[in-house]
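Listed here are the chains, written in short residue letters.
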Amino acid sequence: MKKTLSINSYEKMLDRLYSLIQVRVDKFRRFEQPIAEVINVKNRTIITNFKEIAERLNRDLNELARFFYNDLAISGMIDPNTKQLILFGKFTFERINMSLKYYIKKYLLCPICNSNDTVIIREKKNIFLKCLACGATSSIVE
Ligand SMILES: [Zn+2]
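No experiment lies behind these values; they were computed from the predicted model shown. (Residues numbered from 1 in each chain as written. Predicted model: local features only at pLDDT ≥ 70, side-chain atom pairs only at ≥ 80, totals over all residues. Heavy atoms only, no water.)

Caption draft 1: The arrangement of the overall build of the chain in detail. When its secondary structure is counted, the chain shows four helices and seven strands. When the helices and strands of the chain are listed from N to C terminus, the series reads α-β-β-α-α-β-β-α-β-β-β. In the chain, buried positions account for 35% of the 142 residues. As displayed, the chain has an accessible area near 9,900 Å², and 55% of this comes from carbon and sulfur atoms. (Helix = DSSP H or I, 4+ residues; strand = E, 2+ residues; numbered from the N terminus. Buried < 20%, exposed > 50% of the residue type's maximum accessible area, 1.4 Å probe, protein only. Areas by Shrake-Rupley, 256 points an atom, 1.4 Å probe, with all protein chains shown as cover.)

Caption draft 2: Up close: the environment of proline 34. For proline 34, the location among the structural elements is in the loop between helix H1 (7-29) and strand E1 (38-41). Overall, the relative accessible area of 6% leaves proline 34 in the buried class. Residues proline 34 and lysine 101 lie 67 residues apart in sequence; the distance between their C-alpha atoms is 8.9 Å. Residues in contact with proline 34, not counting those within four places in the same chain, are Ile53, Arg56, Leu57, Asn97, Leu100 and Ile104. (Contact = heavy atoms within 4.5 Å.)

Caption draft 3: Broad picture of the sheet that holds strand E2 (residues 44-47). Strand order across the open sheet formed by four strands is E1-E2-E4-E3, with antiparallel pairing between neighbours. Edge positions in the sheet fall to E1 and strand E3 (76-78), since each has one partner strand and no second. Each strand axis lies, on average, 20 degrees off the axis of its neighbour in the sheet, ignoring direction. Two elements, E1 and E2, share four bridges in a ladder whose sense is antiparallel. Within the sheet, the bridge partner assigned to isoleucine 39 lies in E2 and is isoleucine 46. (Pairing = 2+ DSSP bridges. Axes fitted to C-alpha atoms, helices over the stretch in contact; angles between N-to-C directions.)

Caption draft 4: Fine view of the side chain of threonine 45. As for its position among the elements, threonine 45 is in strand E2. On the basis of relative accessibility, which here comes to 0%, the residue threonine 45 falls in the buried class. At a separation of 3.2 Å, a polar atom in the side chain of threonine 45 contacts the side chain of asparagine 40. With sequence-adjacent residues up to four places away left out, threonine 45 is seen in contact with Val38, Ile39, Asn40, Leu85, Ile86, Leu87, Gly89, Lys90, Phe91 and Ile96. (Polar contact = N/O pair within 3.5 Å; in protein donor to acceptor, adjacent residues only side chain to side chain.)

Caption draft 5: Inspection of the coordination of the zinc ion at higher detail. Coordination of the zinc ion by the protein is provided by Cys110 (SG), Cys113 (SG), Cys131 (SG) and Cys134 (SG), with metal-donor distances spanning 2.3 to 2.4 Å. Around the zinc ion, the four donor atoms sit at angles spanning 105 to 113 degrees, and that spread fits a shape best called tetrahedral. Here the donor residues for the zinc ion map to a single chain with the spacing C-x2-C-x17-C-x2-C. Of this pair, cysteine 113 sits in the loop between helix H4 (93-107) and strand E5 (118-123) while cysteine 131 sits in strand E6 (residues 126-131), and the two are 18 residues apart along the sequence. (Donors = N, O, S within 2.8 Å, 3.2 Å for Na, K, Ca; no water. Tetrahedral: all angles 85-135°; square planar, octahedral: opposite > 155°, others 65-115°.)

Below you can see the structure in the form of structure tokens.
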């Protein structure tokens, strides 16, 4: 007995394939840079939606906080209750969002396929961006 693939099941297979591809494309397109909500209190700057941003980027709160401290050359802390980021310095909404944009470009988006489905790998003094979508590993120069 010879098994043949009917046109019908072939078309179904193609449909399924296209739907899978579509999901991936949508996933990439859907990523929009989150906007940091910023308030200034005296000489401090608070990112009120810090936790939501870290979740959107799929990054550890401390990792992301460390980036802001370095980029802005200040120290700060994560409020243990609200998980808001308190920066010990006065910065504008524009400046904070510029930093966030820089983080996303450098530490989040895969330079090969532009996916945000990535993880950061630290090995000794080297830091890599591993893309879970295309599998590429790119080194990040700090
Ligand atoms: Zn990639």
